[in-house]
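Report on the structure
Here are the chains, one letter per residue:
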Amino acid sequence: MVKGNLRISNWVAVPEMILCFAPLTLACADALQNFGGLLGGRIGGGPGEMALVAAGAALGAVGPVALVGAVRLLFGARPMRAPWLRAAVIAGPVLYGAMLIAQAWSGEFAANAFDFWGALVLLSALPALGAAHLLHLSADISGGEGRPPAPA
């Protein structure tokens, strides 16, 4: 059996990270735009809708943070070392997916199943898997789980 180490070259890692984190970054930007329009009356539905938009913006903020982390890792060989940041990059998309499932359960996505599955894949599954791969590559560069490399 051939065992891989999940290492890839930068020219493959860059499109992978863009594919994984760009949809979540765009969703965060959209949520921030909607949240900014709450005072102007663009969103109806009261506090529940406001809470969903705020949660989407907060959890979606993982997208741009992970993109910056990927650029730092791939072009500067500077991995994410903060344990809370490493946990947030994985937990954010997973919680976003849980929020989408809760919305679907409440009937929000009942009209179009493609919206639900597309959102679940693009905004939760791909970013979570991309973040796991990013942290694995980060551990390879830093010589362990977020620790600096051993002196030569």
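The model shown is predicted, which means the values in this text are computed figures rather than measured ones.

Topic: the overall build of the protein chain
Helices and strands together make up the secondary structure of the protein chain, namely five helices and zero strands. Counting from the amino terminus, helix and strand elements in the protein chain follow one another as α-α-α-α-α. Residues classed as buried in the protein chain amount to 36% of the 152 residues present. Sequence-distant contacts in the protein chain: of pairs separated by 6 or more residues, those separated by 24 or more amount to 74%. Carbon together with sulfur atoms contributes 70% to the accessible area of the protein chain, which is approximately 9,000 Å² in total.

Quick look at a nonpolar patch on the surface
Taken together, the side chains of Ile8, Trp11 and Val12 make up a nonpolar region of the molecular surface, amounting to roughly 320 Å² of accessible area. Residue position: Trp11 is located in helix H1 (residues 10-36).

Describing unusual backbone geometry
A positive phi angle, near 55°, is found at Ala77, a position not held by glycine. Summarising the element assignment, Ala77 is placed in the loop between helix H3 (62-76) and helix H4 (83-105). When its relative accessible area of 46% is taken as the criterion, Ala77 is described as partly exposed.

Side note on the nonpolar core
Core analysis: the biggest nonpolar cluster contains 14 residues, and Met17, Phe21, Met80, Val89 and Leu134 have the highest contact counts within it. Listed by contribution, the elements that provide at least two residues to this core are H1, H3 and helix H5 (113-142). Of all hydrophobic cores here, the second largest spans 11 residues; its members include Ala27, Leu59, Leu100 and Ala119.

Quick notes on H4
Between its first and last C-alpha, H4 extends 33 Å over 23 residues, near the 33 Å set by a 1.5 Å rise per residue. Maximum bend of H4: about 30°, positioned at Ala91, with proline Pro93 one to four residues after it. All of the buried residues along H4 are Arg86, Val89, Gly92, Pro93, Tyr96, Gly97, Met99, Leu100 and Gln103.

Structural notes on the packing of H3 against H4
Packing of H3 against H4 brings their axes to within 10 Å, and their N-to-C directions diverge by 135°. The orientation of H3 relative to H4 falls into the category oblique. At the point where H3 passes H4, the crossing takes the left-handed sense. Between H3, through Val62, Val65 and Ala66, and H4, the contact on the second element is made entirely by Leu85, Ala88, Val89, Gly92 and Pro93. Across the contact of H3 with H4, the residue classes tally to seven nonpolar, one polar and no charged.

Quick look at the side chain of Arg86
Structurally, Arg86 can be placed in helix H4. For Arg86, the side chain forms a polar contact with the main-chain oxygen of Met80, separated by 2.9 Å.

Cut-off values and rules
- Residues numbered from 1 in each chain as written.
- Predicted model: local features only at pLDDT ≥ 70, side-chain atom pairs only at ≥ 80, totals over all residues.
- Heavy atoms only, no water.
- Helix = DSSP H or I, 4+ residues; strand = E, 2+ residues; numbered from the N terminus.
- Buried < 20%, exposed > 50% of the residue type's maximum accessible area, 1.4 Å probe, protein only.
- Contact = heavy atoms within 4.5 Å.
- Areas by Shrake-Rupley, 256 points an atom, 1.4 Å probe, with all protein chains shown as cover.
- Patch = residues over 30% accessible without salt bridge, like charges linked within 9 Å, V, L, I, M, F, W, Y side chains within 5 Å.
- Salt bridge = Lys/Arg side-chain N within 4 Å of Asp/Glu carboxyl O.
- Core = buried A, V, L, I, M, F, W, Y, C linked by side-chain atoms within 4.5 Å.
- Expected span 1.5 Å × (residues − 1).
- Bend = angle between axes of the 7 residues up to and from the residue.
- Axes fitted to C-alpha atoms, helices over the stretch in contact; angles between N-to-C directions.
- Parallel < 35°, antiparallel > 145°, perpendicular 65-115°, else oblique.
- Left-handed = near helix turned anticlockwise from the far one by under 90°.
- Nonpolar A, V, L, I, M, F, W, Y, C, P; charged D, E, K, R; others polar.
- Polar contact = N/O pair within 3.5 Å; in protein donor to acceptor, adjacent residues only side chain to side chain.

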